[in-house]
Amino acid sequence: MSANTELKSLGYIGVRSDKLADWSEVAVRLLGMQPVDQAKSLRTFRMDDRKQRYIVSNDGADGLGFMGWEVEAQSDLGSLASRLEAAGTAVAHGSRALAEQRRVADLITFADPGGNRLEVFWKPEVADTPFVPGRPISGFRTGPLGMGHVVLNVSGIDRLLPFYRDLLGFGISDYSLKPYKLYFFHVNGRHHSFAMVESGKQTLHHFMVELGSLDDVGQGYDLAQTQADRIAYSLGRHTNDHMTSFYMRTPSDFFIEYGWGGRVIDPATWQPHETFDGPSFWGHERLNLPPEQRDSFRQMRLDAAARGVRAPVNCAWLEQVRHD
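Values in this document were obtained by computation on a predicted structure and should not be read as measured data. (Residues numbered from 1 in each chain as written. Predicted model: local features only at pLDDT ≥ 70, side-chain atom pairs only at ≥ 80, totals over all residues. Heavy atoms only, no water.)

Q: Outline the pattern of salt bridges, supporting the account with residue identities and numerical values.
A: Counted under the stated rule, the structure contains 22 salt bridges. Close ionic contact of glutamate 125 with arginine 103 constitutes a salt bridge, the shortest N to O distance being 3.9 Å. One end of the pair, glutamate 125, is in the loop between strand 8 (117-124) and strand 9 (149-154); the other, arginine 103, is in the loop between helix 3 (96-102) and strand 7 (104-111), and 22 residues separate them in sequence. Judged by relative accessible area, glutamate 125 falls into the partly exposed class, the value being 27%. Ionic pairing is found between aspartate 295 and arginine 298, a salt bridge with its closest N-O pair at 2.6 Å. (Salt bridge = Lys/Arg side-chain N within 4 Å of Asp/Glu carboxyl O. Helix = DSSP H or I, 4+ residues; strand = E, 2+ residues; numbered from the N terminus. Buried < 20%, exposed > 50% of the residue type's maximum accessible area, 1.4 Å probe, protein only.)

Written out as structure tokens, the structure reads:
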């Protein structure tokens, strides 16, 4: 089942925080992003050939500022705006000043039913200098797959599901209903660019960036472990998108997932389905949770392991082993 949407990828993320120096340390020294602008109340960072992918602004608030979604053509902005307005969602055309700040040619802005700000843009600016990572890494997996993914804590998924699925046209990748509702959505081949967890909160849970090498993630894990209380979830592998990753605490009240090896799907043939095996094949020990809740997640992993649940074997690797 394909996603019927003008949106083609997650282009950028903005967060709000007064801890700009702390954020620069995390983004550059841990994640490996490249610092760009360092104004009094703003920090921006590169991940690839784009002029910016991640924005931190000090405007007196904290948490998610906005999600920036990219479209292919300028006309897509108009068609999406018309559909949103017909459904009763107020849409504003981004000013020239805002477009320059976001490093794009044009954009529209609106909010979802939970009050989260979305920006949809066309024609991002490309840098005229190569990407220089903040620490030695092979690079980030972006391109057609976008910046990564965003996961929101929400008070009620049923209120938001029609907006993202029916109005914006996000394709459902999979979902689980126990121990809580959790929905994953795609707009391209990345297994999910967006997800919602019904936790009762209304905050950013985490965003994910994917690396080009497993060693990038492992070395980042070593670095994160040198900092007290930086690790939120230990190294592990997810059941649905097959990502090997760990989660780190940030200077704000949310996490960052740092991963490698994410699953790429075919949106034209993918069928949404319910999952029952828990979030992880192994690992991802939730160090942020009290013991009883950690035990519950651990038991889910052990139950799945006892049933032999695992990701498909890498067929190319298997054939090489047989040949040798």
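Don't stop here, the text continues.
Q: Give me the lowdown on unusual backbone geometry, citing residues and values where you can.
A: A positive phi angle, close to 60°, is found at lysine 123, a residue other than glycine. One can find lysine 123 in strand 8. Phi at histidine 284 is positive, roughly 55°, even though this residue is not glycine. Turning to its location among the elements, histidine 284 is positioned in the loop between strand 18 (280-283) and helix 6 (291-306).

Q: So, the sheet that holds strand 5 (residues 63-71): which residues are in play, and what are the values?
A: An order of 2-3-4-1-5-8-7-6 is seen for the 8 strands of this open sheet, with the pairing classed as mixed. The sheet terminates laterally at strand 2 (34-39) and strand 6 (92-93), the two strands that pair on one side only. Across 2 bridges, strand 6 lies against strand 7 in antiparallel orientation. The partner of alanine 92 across the bridge, within strand 7, is threonine 109. Each of strand 1 (7-16), strand 2, strand 3 (42-46) and strand 4 (54-57) touches helix 1 (residues 20-30); the most contacted strand, strand 3, lies at about 5° to it. (Pairing = 2+ DSSP bridges. Contact = heavy atoms within 4.5 Å. Axes fitted to C-alpha atoms, helices over the stretch in contact; angles between N-to-C directions.)

Q: I'd like a rundown of the sheet that holds strand 17 (residues 273-274), residues and numbers included.
A: Strand order in this open sheet of 10 strands is 17-10-11-12-9-13-16-15-14-18, and the pairing throughout is mixed. Looking at which strands have only one partner, the edges of the open sheet turn out to be strand 17 and strand 18. As paired strands, strand 13 (residues 203-210) and strand 16 (residues 255-260) are joined by 5 bridges and run parallel to one another. Looking at strand 16, one finds that valine 209 is bridged to tyrosine 258. Each of strand 14 (231-238), strand 15 (244-249) and strand 16 touches helix 5 (residues 214-225); the most contacted strand, strand 15, lies at about 30° to it.

Q: Could you give me a rundown of helix 2 (residues 74-86), with the residues and numbers involved?
A: With 13 residues, helix 2 extends 19 Å from end C-alpha to end C-alpha; this agrees with the ideal 18 Å at 1.5 Å per step. If you check which residues of helix 2 are buried, you get Asp76, Leu77, Leu80, Ala81 and Leu84. Take helix 2 and look down its axis: the buried residues cluster within an arc of 130°, on one side only. Looking at helix 2, the residues exposed on the side facing more than 90 degrees away from the buried face are Ser75 and Ala86. Each element contacted by the buried residues of helix 2 is listed here: strand 1, strand 5, strand 7, strand 8 and helix 4 (157-167). Just beyond helix 2, the residue with positive phi is glycine 88, at close to 95°. (Expected span 1.5 Å × (residues − 1). Arc of directions from axis to C-beta.)

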